[in-house]
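Fold and geometry: a report
Listed below are the residues making up each chain.
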Amino acid sequence: WENKTGRNLTRSSPLFKNLAAKVHRFNFLALSHRLFGDTCPLVSLSCFQTPQRIPYDEAVQQEFRPAAVGDAFGPTWWTCWFKVELSIPREWAGKEVHLLWDSDGEAMVWRDSQPVQGRGTGSVAPLLPFCSRFCSLNLYMEVACNGLFGAGKGTMIAPPDPDKKFTLNKVELVVFNRDVHELLVDFEILLDMAKHLGEKNQRSFQALYTANQMVNLCDVTDPSTFPAAHQLASAFFSQRNGESQHTIHAMGHCHIDSAWLWPYEESIRKCARSWVTVVRLMEKNPGFTFTCSQAQQLEWVRNWYPGLYAQIQDFARKGQFIPVGGTWVEMDGNLPNGESMVRQFLQGQRFFQEQFGKLCTEFWLPDTFGYSAQLPQLMRGCGIWRFLTQKLSWSLVNTFPHHTFFWEGIDGSSVLAHFPPGDSYGMQGFVEEMLKTVNNNKDKGRVNHSVALFGFGDGGGGPTQKMLDRMKRMKDVDGLPRVQMSTPDQFFSVLERDGSQLYTWIGELFLELHNGTYTTQAQIKKSNRECERILHDVEVLSSLALAQKSAFPYPATKLQRLWRLLLLNQFHDVLPGTCIQLVAEDAMTYYEGEWRTLTESTVIMNTLPWERTEVISRTRPTGADTLALVKVCSMGYSVVKDSLTPPHPVRVVKQLDGSITMENGVIAAHLDSMGHVTSLHLVSSGRCVILFFEPVECGIFCPLDDLQRLCVLKTFRKPVTTLVKPLEIILPGGLRGSVRFSLQISEKSIITQEVILDAMCPYLRFLTQVEWNEAHKFLKVEFPVQARSMNATYEIQFGHLQRPTHWNTSWDWARFEVWSHKWMDLSEHGFGVALLNDSKYGASVHGNTMSLSLLRAPKSPDTTADMGHHQFTYAVMPHLGSFQEAGVIRYAYCLNFPLHTMPADSVQCPAWSAFCVSSPAVVLETVKQAEDRPGVLVARLYESHGSTVVTWLQTCLPVKEAITCDLLEQADPTGHLPLKELGVELSFTPFQVISVLLVLG
């Protein structure tokens, strides 16, 4: 097979291809069949099945029946436990013995009551490196009736097949020939170098010729020839790189979705299966490092697998098992509110500090659907100044211009960011991946280091020995980048030392994909918003009760549990709605079941930090509901005996043509007989705001099996025009006027709206109920308004940002659907229109049309997503001046945090205000008890207008000391604030978040 012609070869030449083909055939057809030697059947095999995920101690007490290769078990989501009795022949003493186990489901090997090895589908399980001390063993195999990616019917992201059966394909003891394995890896690396280095690279030919020489030395029937061939490969791999070669920092990784195509409970087992495999690899490979995020998953393993968790902590102390990320879960980066994001870090960092003795310095979020522009400030406030992800490589339209850069948030905070240039968090150590990491790097010349995360991910699995063996050969070999096992701290430390030439990206990191995640699973999103509100209110009320009565039992333990449930449901495949039906049901159970006992005992009052005048509904002793116009103190209460009289009562008038006008002295609206808002005026100026309004049904322009891609074209826009119930007056006016109508969306779906106008209220409110039973449809509402601006403003966490209203560039067009929180605004100088909502996130402004996304009907991975009844509210608010001057931010809060009512005999004075803030630009977002410090409150405020401002935080609580702190509630040694008559003076820069510890007297 040697080339004796002396001809100049190229990769396209027949001789080059012939050599490569022959080496390949030798490698994979001849040598690979020698990987396993002698075989031995099991002594016995028995099993039992259960629909439950039960612990080991319970499983081994069950009645097992005989089982055999070829048996089917299941259905989906069941568990089959196998009892494996085996006897290792004495003549195998000193040899490496494996249990060859090939089943369709994921599996865990148990021995002596402990998990010892995790297995994916169709893989082998090494028992021990050498088995000279063992002649017989009893094992248990816990097999889940699902694969690494669930059990999709037909395609991976299709809904699970509930009747799928799983088969035990092969079970036997084998002798594993390690020398053959080493040769196979040698040949693989050499052939991949020959294939991927390029025809003008001499190392490509050297690699192929080395492989050819190895073939010449090898006799597959004579293992004594293998060492010489391996030595030849080792000599090739020992030829070193030059000093300027790019360095790849390899880190083991196992991205495990806490729920996605499988339920939460299965994720617990996925963590155990993956991490016990990692522990076994660490025992054999002392230099192997593994990064692990998500405190929730570690907490699961701590509770369910304490023996494994103790081993993890041991390897963490050795520096091999490395906790990263600093958050409770890898949450969605767009939809959680600001306080929820703070709690992700607070709960995560506290867990890592308590369990592993240190805080994380890097935020680790490789797989989510975009990244809020407020994240850099929140990271900095939680002791984190480094950031790693790769998800923006998924963008459909534009290629992000950097892999290593500084990311600056809306407040000016900056963190060092890195996107692994291999565009993956699940590499396998292939030559092609390492070359892509170098060649794809968009910051060549500015940095010479990058990260490669290797290990099977999403559904778990993690690194394998073969991956490690590949990278050992690429550690420092001429022709390839250096590949070294590393840690996040080592990598980022190098960047910090050498990164003076890096560019800065300012603002959000917008993923141009999965825009439908802002809308899908509307009930989950609504429950998330409601639970964020409930936790806010309960913490405020409990804090005020504690301040008034030091013996008050602040519900810290219960609040922590509820926060952790909320944070879990904010995982990046749950809150965005990309999960299967089982997960959605679990999430709704957490929302509905765990909160009822808390809300039933909640005190009722105003929990926002400004005075409010609003119309409320209250129940008389007779049981009748009546309306009242009330004025309530900021973050406090007022006793109301009689309703205030509005300066201008609401008027609702029906015209001869069936249309209706509504007016309250602030705004005036006209609705036609179909319920369309045909005009909306500001009374004081006469300025017309809206010319026409209609709900519209849009088709999804994409393959129907594509999970969340969304490209809505105007040609797919279909207005809803079929009237079911005509417009009618429900409340004639006074304190509140309202009208109601119903429209037929299709034969299966109906929308009913009550349009409400309250006295003194500057917005028109739409209480909407939908019976939604569609397929591949999208329900949006559009407001064509008389305002023009190149940019619209959208609320994000602790602030807002602007996005273009035009499609001038591909970067503009790619934001055809964006995310927002409680409000969005389109303003020209002196005038604008805001759109408020209580539970929606998908939005867009194109030209002068403001759109809010209401419901979707995708069919993968959950065929039932969004089906059924929905109720939600949105509102349109015209205003003079800027949205800041008009109080849009405060009104959006009021829509989302309604006033509560309680019996008058439960309070001691007619009016009481606990907190207020002197500047309308500053929002007091959170008041809570400090973690582990009874008698100390945390007040968290942020600047909401985008301005530099000085304000006073005023309180009537018995505060004896005030100290600024970070978001982890660690006091600033220089942050003592003087207590003055007006309260505590605070200075803010635009969108700055400040937390203050208030020590009660």
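Residues numbered from 1 in each chain as written. Predicted model: local features only at pLDDT ≥ 70, side-chain atom pairs only at ≥ 80, totals over all residues. Heavy atoms only, no water.

Looking up the protein in an unreviewed UniProt entry gives the name alpha-mannosidase, with the organism given as Crocodylus porosus.

Counting secondary structure elements, the protein contains 20 helices and 53 strands. The C-alpha atoms of the protein give a radius of gyration of 32 Å, which matches the 30 Å a tight globule of 1001 residues would have. In terms of overall dimensions, the protein has C-alpha extents of about 100 × 65 × 65 Å along its principal axes. Within the protein, the proportion of its 1001 residues that are buried is 60%. In the protein, of all internal contacts separated by at least 6 residues, the share reaching a separation of at least 24 is 73%. (Helix = DSSP H or I, 4+ residues; strand = E, 2+ residues; numbered from the N terminus. Rg over C-alpha atoms; globule rule 2.2 N^0.38 Å. Buried < 20%, exposed > 50% of the residue type's maximum accessible area, 1.4 Å probe, protein only. Contact = heavy atoms within 4.5 Å.)

The next point concerns the UniProt feature "domain: Glycoside hydrolase family 38 central" (unreviewed entry) in the protein. According to UniProt, the feature "domain: Glycoside hydrolase family 38 central" (unreviewed entry) maps to residues 512-591 in the numbering used here. This span, residues 512-591, is 65% helix and 0% strand, and a straight line between its end C-alpha atoms measures 30 Å. (UniProt positions renumbered as here; feature names shortened; annotations may be inferred.)

It is worth spelling out the pattern of salt bridges at this point. This model, assessed by the stated rule, comprises 45 salt bridges. Close ionic contact of Glu 182 with Arg 473 constitutes a salt bridge, the shortest N to O distance being 2.5 Å. You can see Glu 182 sitting in helix α3 (residues 178-196) and its partner Arg 473 sitting in helix α12 (residues 465-473), a full 291 residues away along the chain. Lys 780 is the salt-bridge partner of Glu 817, the closest N and O atoms lying 3.0 Å from each other. With Glu 817 in the loop between α18 (810-813) and β39 (818-819) and Lys 780 in strand β36 (residues 777-784), this pair connects stretches of sequence that are 37 residues apart. (Salt bridge = Lys/Arg side-chain N within 4 Å of Asp/Glu carboxyl O.)

Turning next to the sheet that holds strand β49 (residues 949-955). Within the open sheet, the three strands sit side by side as β46-β49-β52. Their pairing is antiparallel. Lying at the two open borders of the sheet, with one neighbouring strand each, are β46 (915-917) and β52 (984-988). Within the sheet, the average angular offset between the axes of one strand and its neighbour, ignoring direction, is 25°. Across three bridges, β46 lies against β49 in antiparallel orientation. The residue of β49 that forms the bridge with Cys 916 is Gln 954. (Pairing = 2+ DSSP bridges. Axes fitted to C-alpha atoms, helices over the stretch in contact; angles between N-to-C directions.)

Read across the sheet, five strands follow the order β15-β16-β18-β17-β21 without closing on themselves; strand pairing throughout is mixed. A strand with exactly one partner marks an edge of an open sheet, and here the two such strands are β15 (362-364) and β21 (504-506). Within this sheet the neighbouring strands show an average axis-to-axis angle of 30°, counted without direction. Where strand β17 (residues 404-408) and β21 come together, three bridges link them in parallel fashion. For Trp 407, the partnering residue across the bridge sits in β21 and is Trp 505.

Turning to the packing of α3 against helix α11 (residues 431-439), a few remarks are in order. Where α3 meets α11, the closest approach of the two axes is 9 Å, and the angle between their N-to-C directions is 45°. Relative to α11, the element α3 is oriented oblique. Taken together, the residues of α11 that come into contact with α3 (itself represented by Ile 189, Asp 192, Met 193 and His 196) are Val 431, Glu 432 and Leu 435. Of the residues assigned to the contact of α3 with α11, the class counts are four nonpolar, one polar and two charged. (Parallel < 35°, antiparallel > 145°, perpendicular 65-115°, else oblique. Nonpolar A, V, L, I, M, F, W, Y, C, P; charged D, E, K, R; others polar.)

What follows deals with the domain arrangement of the protein. In terms of domain boundaries, the protein breaks down into domain 1 (14-34 + 179-239), domain 2 (35-176), domain 3 (246-513), domain 4 (650-896) and domain 5 (914-1000). For domain 3 and domain 5, the distance between their C-alpha centres works out to 34 Å. Contacts between domain 3 and domain 5 engage 16 residues on the former and 15 residues on the latter. Surface buried jointly by domain 3 and domain 5 totals about 1,300 Å² across both partners, of which 56% is contributed by carbon and sulfur atoms. Remark: the boundary between domain 3 and domain 5 carries three salt bridges. One salt bridge in this structure joins Arg 940 and Glu 339, with 2.7 Å as the shortest N-O distance. Between the two partners, domain 3 and domain 5, sit six residue pairs in polar contact (both at pLDDT 80 or more). Going through the elements one at a time, α9 (338-356) and α10 (375-381) are the ones with two or more residues in the side of domain 3 that touches domain 5. (Domains from an automatic or database assignment. Buried area = accessible area lost by both parts, 1.4 Å probe. Polar contact = N/O pair within 3.5 Å; in protein donor to acceptor, adjacent residues only side chain to side chain.)

Right, let's get into α12. With respect to burial, α12 is a largely interior element, seven of its nine residues being buried. Where α12 is concerned, the buried positions are Gln 465, Met 467, Leu 468, Asp 469, Arg 470, Met 471 and Arg 473. Structurally, α12 contributes buried residues whose contacts are with α3, α5 (226-237), β12 (247-253), α6 (264-284), β19 (449-454) and β20 (482-485).

Moving on to the confidence of the model for the protein. For the protein, the average pLDDT comes to 90, and 91% of its residues sit at 70 or higher. Within the model, the stretch residues 597-604 combines pLDDT values under 50 with 13 contacts to residues more than four positions away or in other chains. Note on residues 698-715: pLDDT is under 50 here. Beyond four places in sequence and across chains, it has 45 contacts. (pLDDT = per-residue confidence, 0-100.)

What characterises a pair of aromatic rings is the spacing of the ring centres plus the angle enclosed by the ring planes. In total, this model carries 43 aromatic pairs according to the counting rule given. Measuring from ring centre to ring centre gives 5.9 Å for Trp 260 and Trp 262, while their planes differ by 70°; the resulting arrangement is edge-to-face. The pair Trp 260 / Trp 262 is uniform in exposure class, with both members buried. In this structure an aromatic cluster arises from ring pairing among Phe 48, Tyr 56, Phe 64, Trp 81, Trp 110, Tyr 140 and Tyr 305. Above the plane of the ring of Trp 819 lies Arg 803, whose end atom (NZ or CZ) is 5.4 Å from the centre. (Phe/Tyr/Trp six-rings, centres within 6.5 Å; stacked < 30°, edge-to-face > 60°. Lys NZ or Arg CZ within 6 Å of the ring centre and 35° of its normal.)

Another point: the nonpolar core. In this structure, Phe 321, Phe 387 and Trp 407 are the most contacted members of the largest nonpolar core, which totals 248 residues. Ranked by residue count, the leading element in this core is helix α14 (residues 522-548), at 11 residues. Ranked by size, the runner-up nonpolar core spans 28 residues in total, among them Cys 40, Cys 47, Phe 73 and Val 84. (Core = buried A, V, L, I, M, F, W, Y, C linked by side-chain atoms within 4.5 Å.)

Quick look at a nonpolar patch on the surface now. There is a patch of nonpolar side chains on the surface, built from Leu 396, Val 397, Trp 807 and Trp 813 and spanning about 360 Å² of accessible area. Assignment of secondary structure puts Trp 813 in helix α18. Judged by its relative accessible area of 31%, Trp 813 is partly exposed. (Patch = residues over 30% accessible without salt bridge, like charges linked within 9 Å, V, L, I, M, F, W, Y side chains within 5 Å. Areas by Shrake-Rupley, 256 points an atom, 1.4 Å probe, with all protein chains shown as cover.)

Across the junction of Gly 74 and Pro 75, the peptide omega takes the value 10°, indicating a cis bond. Mapped onto the fold, Pro 75 is located in the loop between β4 (72-73) and β5 (79-87). In this chain, Ser 860 is followed by Pro 861 through a cis amide linkage whose omega measures 0°. Relative to the assigned elements, Pro 861 resides in the loop between β43 (849-856) and β44 (868-880). In the Ramachandran plot, Asp 112 falls in the positive-phi region, its phi being about 55° despite a non-glycine side chain. Mapped onto the elements, Asp 112 comes out in the loop between β7 (107-111) and β8 (114-119). Under the relative-accessibility criterion, Asp 112 is labelled exposed at 63%. Even without being glycine, Phe 798 reaches a positive phi, approximately 55°. Within the element layout of this structure, Phe 798 appears in the loop between β37 (791-796) and β38 (799-804).

Turning our eyes to something else, we now look at the environment of Val 739. Along the chain, Val 739 falls in strand β33 (residues 736-744). Considering only alpha carbons, one finds Val 739 and Val 652, 87 residues apart in sequence, at a separation of 8.6 Å. Once you skip the residues sitting within four places of it in the chain, Val 739 turns out to touch Val 652, Ile 660, Met 662, Leu 671, Leu 727, Glu 728, Ile 729, Ile 730, Gln 753, Glu 754 and Val 755.

A few words on the environment of His 648. Positionally, His 648 belongs in the loop between β24 (636-638) and β25 (650-654). Judged by its relative accessible area of 29%, His 648 falls in the partly exposed class. Residues His 648 and Glu 663, 15 residues apart in the sequence, show an inter-C-alpha distance of 9.1 Å. With sequence-adjacent residues up to four places away left out, His 648 is seen in contact with Glu 663, Asn 664 and Gly 665. A polar side-chain atom of His 648 sits 3.3 Å from a polar atom in the side chain of Glu 663.

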